[in-house]
Amino acid sequence: MRIGVITFPGTLDDVDAARAVRYAGAEPVSLWHADHDLAGVDAVVVPGGFSYGDYLRAGAIASLAPIMTEVKDAARRGMPVLGICNGFQILCEAGLLPGALARNSGLHFVCRDQRLRIESTATAWTGAATAGQEILVPLKSGEGRFVADADTVARLEGEGRVVFRYLGGNPNGALADIAGISSADGRVVGLMPHPEHAIDPLTGPSDDGLVLFTSVLGAAVG
Amino acid sequence: MVASSPAVPAVDTVELAAASPDQPQPYRELGLKDDEYERIRSILGRRPTDAELAMYSVMWSEHCSYKSSKVHLAYFGEKTTPAMRQKMLAGIGENAGVVDIGDGWAVTFKVESHNHPSYVEPFQGAATGVGGIVRDIMAMGARPIAVADPLRFGPADAPDTARVLPGVVAGVGTYGNSLGLPNIGGEVVFDAGYAGNPLVNALCVGAMRTEDLHLAFASGTGNLIVLFGARTGLDGIGGVSVLASETFSDGTGRKKLPAVQVGDPFTEKVLIECCLELYHAGLVVGIQDLGGAGLSCATSELASAGDGGMRIDLDAVPLRASGMTAAEILSSESQERMCAVVRPQDVEAFLAVCAKWDVLANVIGEVVDGGRLVITFRGETVVDVPPRTVAHDGPVYERPVRRGPGQDALVADVPDRLPRPSGRAALRAEILRMAASPNLCSRAWVTDQYDRYVRGNTTSAQPADAGMVRVDEVTGRGIAVATDCNARFVALDPYAGAQLALAEAYRNVATSGAVPLAVSDCLNFGSPEDPHVMWQFQQAVRGIADGCALLGIPVTGGNVSFYNQTGDRAILPTPVVGVLGVIDDVARRVPSGFVRDGDTVVLLGDTRDELGGSEWAHHVHGHLGGRPPAVDLAAEHRLAGLLAASAARGLVTGSHDLSDGGLAQALVEACLVGGRGARVELPHPDAFVALFAESAGRVLVTAAPEQVDDLLAAASTAGVPAHVLGTTGGPALAVGPLEPLPLPALRSAWEGTLPALFDHPVPG
């Protein structure tokens, strides 16, 4: 299976995402922001960083990049797409996921090992996990506070689209402790914490994050 | 930011300068002494033009020319033996030192200061400090792989610290995080000596294949000079504005911009990737970053390191403001710029790579015959100088060196008279009190604002003894780095204190399981015009150089920062020492703290009644006096050898260095970091001394019970004293006869201090 990893200028965690794809047994494929070409990949990871510097709203400019036109088209056809941190912000800005990510309530960038609960396994990126499974992965962001209007939050909760929830303290003031959500069809998932930094206990707090990348192996477009 | 077009001022050309020898020039305002100005006139055989004056004044400044420190720094070279040089691929004088770490990998690292800008504007000062050191590392041909930031502030509860610290931490974090560089260590120290003059030092490590090493030189007549990265603006011009105010009449509508530079980490991140792609494609002959003194420095250094002259056309430099003078363009310290020497046939490919990354790039000159640096502006020659006279032939001062009259009284004021806690309850309370002190408490409030995970190679970061990153994913080869300096020790005895700083950083690297390989230092001192400060400086340099010779590791580079003082009060002498080590496989690193239950706790090294300059004397009594702990580098060498061998043999399960706060603090941290308690006996008959003395050469290690005998035998063979203290496990730290300290109580003491001081969300 070939999984694309997008690099925008200012993307930082593309090497990590590619490594996680490799650890899961898939082939990472580099995708360039300026190209209108997904290179025939089976799934796409939009990694973390500060795309185009994020001097405007985080993810706002990246959501308009040429490659995102292709990602939006592919997502509509059901291709699995995972947005991590800045990637989550980009997917929200691109309209593939609802809500927005605002400045942390503590006003500081927060880097810490974060416990999460996997609330839904009905997505392309959590199918191999068990419902209610707790995982420990790094969180590192300054604008990670998930916000949305009350109707949207109620819909996400009602449709089982809250995929990850913070445990052991809400690190950024996110509504309903929401760390990650999915699209209605479960193919597009975005989360603020970094599963790609938790694939090997040598370099991360655990290898709990690997499950996202192994999940997608069984979820490619038929 | 382009200001409205001002009246174009007359250009001060070489021709004009030759024709108007008596025109008064503001050289004193630019920091040049009368005799220095005369020397420039005699070098040129005429008065300098405004642009030349700007170049000489900034390049002959203390910061760029090392004019007060040069005669002392030469001692580093004298003490570096061929054996120490063996693994050095580049040393002092290059942008950063480079060492061979094996398997075809080279690592470059350097620590630098950005103290004064960070006091004026904490966020941008600190941010651009990170940016500058990262470009130094890039200029060696390396990919930056980690940063670390030794920081020093006034008292933790001082109002100005509340202004400076949050800005500095946010600046370091924002810039480093945006570059995608893990922050793996550093220091945060509070002392009244830094009130009004915080120290913001920044360290960067880079890695490359040995064949990719790039040095800054401009060889090959006909090769072109390419300036790439950000535009050149009026920020960071500082003193040269006196030339502008002379040249410009009022009412031109031109904005004065701050003397502190403004950072753009996105541009720098893109510049990193662009540079690496250029190196990889073999498109770069020589490269230099633009830092202090901007183009003045880059052009004169590149030209004087090459074999010919250089022509530069300032009209080809892309500007951020209109109406900039030649002097301003040459002095601008706008960030995120690099200067490369490129073969003519490669220029097209070079520019294409820059275009791919949306990096602005312009050919601004070429290498020419003749040995002169000639710079034109608006078609006229404004600089015509021998480049070496700008870059390397600056003044050299033999400043007076004198041990000050107060030193004897300081040393005589021994800590023995200070009341010590006695009795179990008082000792137990003292452990908690010290754990909560600003200098010993958890640094998480600071380090949690730094990304330590990015790039996925970090195997240790704060609060570990040393930061460690993997360099080679296949073999697991990695590096460890630690920075240290107890400036109170240096104040009491600059020679021994500097060696203690070296010993601590060296020991921290060894504690992680790595083998120490090289040293970079950042020498932060007061005014060199104060003979006592120069004495401190001279002693510290000799201490480090002699110490490195004893340990067999070279100083590969560093930085001197003078004039760190408020009025006539100098900071504590602070030679921050960074030590870099190598580990064959990061999987064999030794974790920090008590990581398993039931392990045996062993203290390596001996404990003596040494409290001079200690954190206990400082925090509890506000006292600084007496002698620092004895330093025994031969013993440190034996200890490091034992630690590396034990790590390689898998004899130790965890470790933690003893330094500030002594054994008490090491035990507290080992418990909290490892998340479990311990029961230990004390290694000295005097419980207070056992707990709070800061004797050097000590490390706490743990070993599986079945391996303790092997460890003790290895220690005995290595000549390292070893004392079995107790066993890990349980919900509390139980020390000798003291009532056990439950972990939650320790944790709230250790973790509560910095948030209580600095967590003040902005209202609204």
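Residues numbered from 1 in each chain as written. Chains lettered and ligands numbered in written order. Predicted model: local features only at pLDDT ≥ 70, side-chain atom pairs only at ≥ 80, totals over all residues. Heavy atoms only, no water.

(A) Examining the overall build of chain B more closely. Each helix and strand counted, chain B has 27 helices and 28 strands in total. Relative to a compact globule of 764 residues, whose C-alpha radius of gyration would be 27 Å, chain B shows 27 Å and is just as compact. By principal-axis analysis of the C-alpha atoms, chain B measures approximately 85 × 60 × 55 Å. With 764 residues in all, chain B has 64% of them scored as buried. Look at the contacts in chain B between residues 6 or more apart in sequence, and 85% of them connect residues 24 or more apart. For chain B, the accessible surface area stands at approximately 25,300 Å², while carbon and sulfur atoms represent 53% of it. (Helix = DSSP H or I, 4+ residues; strand = E, 2+ residues; numbered from the N terminus. Rg over C-alpha atoms; globule rule 2.2 N^0.38 Å. Buried < 20%, exposed > 50% of the residue type's maximum accessible area, 1.4 Å probe, protein only. Contact = heavy atoms within 4.5 Å. Areas by Shrake-Rupley, 256 points an atom, 1.4 Å probe, with all protein chains shown as cover.)

(B) Seen up close, the overall build of chain A. Scanning chain A for helices and strands turns up five helices and 11 strands. Projecting the C-alpha coordinates of chain A onto the three principal axes gives extents of approximately 40 × 35 × 35 Å. A buried classification covers 62% of the 222 residues belonging to chain A. Sequence-distant contacts, at least 24 apart, represent 74% of the contacts inside chain A between residues at least 6 apart. Roughly 7,500 Å² of accessible area belongs to chain A as shown, and the carbon and sulfur atoms make up 50% of that amount. Distance from the positive charge centre (17 side chains) to the negative charge centre (25 side chains) of chain A: 3 Å. (Lys, Arg positive; Asp, Glu negative; His and termini not counted. Charge placed at Lys NZ, Arg CZ, Asp CG, Glu CD.)

(C) Quick look at the UniProt feature "binding site: ATP" (unreviewed entry) in chain B. All names here are of chain B. Taking the numbering used here, the UniProt-annotated feature "binding site: ATP" (unreviewed entry) corresponds to Tyr66, Lys110, Asp521 and Gly558. Here Tyr66 lies in the loop between helix 4 (62-65) and helix 5 (70-79). Residues contacting Tyr66, with those up to four places away along its chain left out, are Ser61, Leu73, Gly558, Asn559 and Val560. When you line up the elements, Lys110 lands in strand 3 (residues 105-113). (UniProt positions renumbered as here; feature names shortened; annotations may be inferred.)

(D) A look at the side chain of Asn559(B). Residues and elements named next belong to chain B. Counting through the fold element by element, Asn559 comes out in strand 18 (residues 555-561). Note on Asn559: relative accessible area 3%, which makes it buried. Every residue in contact with Asn559, bar those within four places of it in the chain, is listed here: Tyr66, Val111, Glu112, Ser113, Asp521, Cys522 and Leu523.

(E) Fine view of the UniProt feature "active site" (unreviewed entry) in chain A. Residue and element names in this part refer to chain A. UniProt's feature table lists "active site" (unreviewed entry) at Cys85, His194 and Glu196, given in the numbering used throughout. A maximum C-alpha distance of 10.8 Å places the annotated residues, which cover 112 residues in sequence, within one compact spot. By the element assignment, Cys85 lies in the loop between strand 4 (81-84) and helix 3 (86-93). A relative accessible area of 7% means that Cys85 is categorised as buried. Apart from the residues within four sequence positions on either side, Cys85 is in contact with Gly48, Lys140, Ser141, Leu191, Met192 and His194. Within the fold, Glu196 resides in the loop between strand 11 (188-191) and helix 5 (210-215).

(F) Layout of the pattern of salt bridges. Under the counting rule described, the total for this entry stands at 44 salt bridges over all chains. A salt bridge links Arg76(A) to Asp73(A), with the shortest nitrogen-to-oxygen separation between them at 3.2 Å. With Arg76(A) and Asp73(A) both in helix 2 (residues 66-76) and three residues apart, this pair spans about one turn of that helix. The salt bridge partner of Arg507(B) is Asp657(B), with a shortest N-O separation of 2.7 Å. With Arg507(B) in helix 20 (residues 494-511) and Asp657(B) in strand 23 (residues 654-657), this residue pair connects regions lying 150 residues apart in the sequence. For the pair Arg507(B) and Asp657(B), a shared accessibility class is recorded, and that class is buried. A single network of salt bridges, built from pairs that share partners, joins Asp16(A), Arg19(A), Arg22(A) and Glu473(B). (Salt bridge = Lys/Arg side-chain N within 4 Å of Asp/Glu carboxyl O.)

(G) Main features of the interface of chain B and chain A. Between chain B and chain A, the contact holds 32 residues from the first and 31 residues from the second. Interface of chain B and chain A: buried area, both sides summed, is about 2,500 Å²; carbon and sulfur atoms make up 59% of it. When the buried area of chain B at its contact with chain A is split by residue, Phe266(B), Tyr453(B) and Arg455(B) rank highest and sum to 26% of it. If you look at where chain B meets chain A, you find three salt bridges. (Buried area = accessible area lost by both parts, 1.4 Å probe.)

(H) Spotlight on empty space enclosed by the protein. All names here are of chain B. Enumeration over the complete set of coordinates arrives at six cavities of 30 Å³ or more. In this model, the largest cavity occupies a volume close to 120 Å³. Lining the largest cavity are 13 residues, with Phe489, Glu504, Arg507, Ser659 and Glu694 positioned closest to its centre. Per-element tally for the lining of the largest cavity: the top contributor is helix 20, with four residues. Partitioned by chemical class, the residues of the lining of the largest cavity number six nonpolar, three polar and four charged. For the lining of the largest cavity, the domains that each give at least three residues are domain 2 (90-210 + 457-588) and domain 3 (417-450 + 590-751). (1 Å grid on protein atoms, 1.4 Å probe; cavity = no way out; pocket = protein on both sides within 12 Å on 5 of 7 lines; lining within 4 Å. Points joined across faces, edges and corners; volume = space filled by probe spheres on them. Nonpolar A, V, L, I, M, F, W, Y, C, P; charged D, E, K, R; others polar. Domains from an automatic or database assignment.)

(I) Quick look at the nonpolar core. Residues Phe8(A), Met68(A), Phe164(A), Val134(B), Phe228(B) and Phe350(B) are the most contacted members of the largest nonpolar core, which totals 134 residues. A per-element tally of this core places helix 11 (residues 265-280) of chain B first, with nine residues. Those residues within four positions of Met68(A) in sequence are excluded, and the remaining contacts are Ile6(A), Phe8(A), Ala62(A), Ser63(A), Ile90(A), Leu91(A) and Ala94(A). Residues Met468(B), Leu580(B), Leu651(B) and Val708(B) belong to the second largest nonpolar core, which totals 89 residues. (Core = buried A, V, L, I, M, F, W, Y, C linked by side-chain atoms within 4.5 Å.)

(J) Structural view of the pairing of strand 17 (residues 515-524) of chain B. Residue and element names in this part refer to chain B. Most of strand 17 is tucked away: nine of the 10 residues are buried. The sheet contact formed by strand 17 and strand 21 (residues 574-583) spans nine bridges and is antiparallel. Each bridged residue has a counterpart across the sheet, and for Leu523 the counterpart in strand 21 is Pro575. Bridge count for strand 17 against strand 18 is six bridges, and the pairing is parallel. By the bridge assignment for strand 18, Leu523 is matched with Val560. (Pairing = 2+ DSSP bridges.)

(K) Here's a closer look at the sheet that holds strand 27 (residues 732-735) of chain B. Residues and elements named next belong to chain B. Pairing within the open sheet is mixed, and its seven strands lie in the order 23-25-22-26-24-27-28. Strand pairing shows two members of the sheet lacking a second neighbour, strand 23 and strand 28 (741-742), which therefore form its edges. Where strand 22 (residues 600-604) and strand 25 (residues 699-703) come together, five bridges link them in antiparallel fashion. From the neighbouring strand, Val601 faces strand 25, where its bridge partner is Thr702.

(L) Structural context of unusual backbone geometry. Between Gln462(B) and Pro463(B) the backbone carries a cis peptide bond, its omega angle lying at 5°. Non-glycine residue Asp177(A) carries a positive phi angle of around 55°. Its location among the elements puts Asp177(A) in the loop between strand 9 (162-167) and strand 10 (178-182). What makes Asp177(A) partly exposed here is its relative accessible area of 32%. Positive phi values are uncommon outside glycine, yet Arg455(B) reaches one of about 80°. Its place among the elements puts Arg455(B) in the loop between helix 18 (444-447) and strand 14 (458-460).

(M) Examining helix 8 (residues 122-138) of chain B more closely. Between its first and last C-alpha atoms helix 8 of chain B spans 24 Å; for 17 residues at 1.5 Å apiece the expected length is 24 Å, and the two agree. For helix 8 of chain B, the buried fraction is high: 16 of the 17 residues fall into the buried class. (Expected span 1.5 Å × (residues − 1).)

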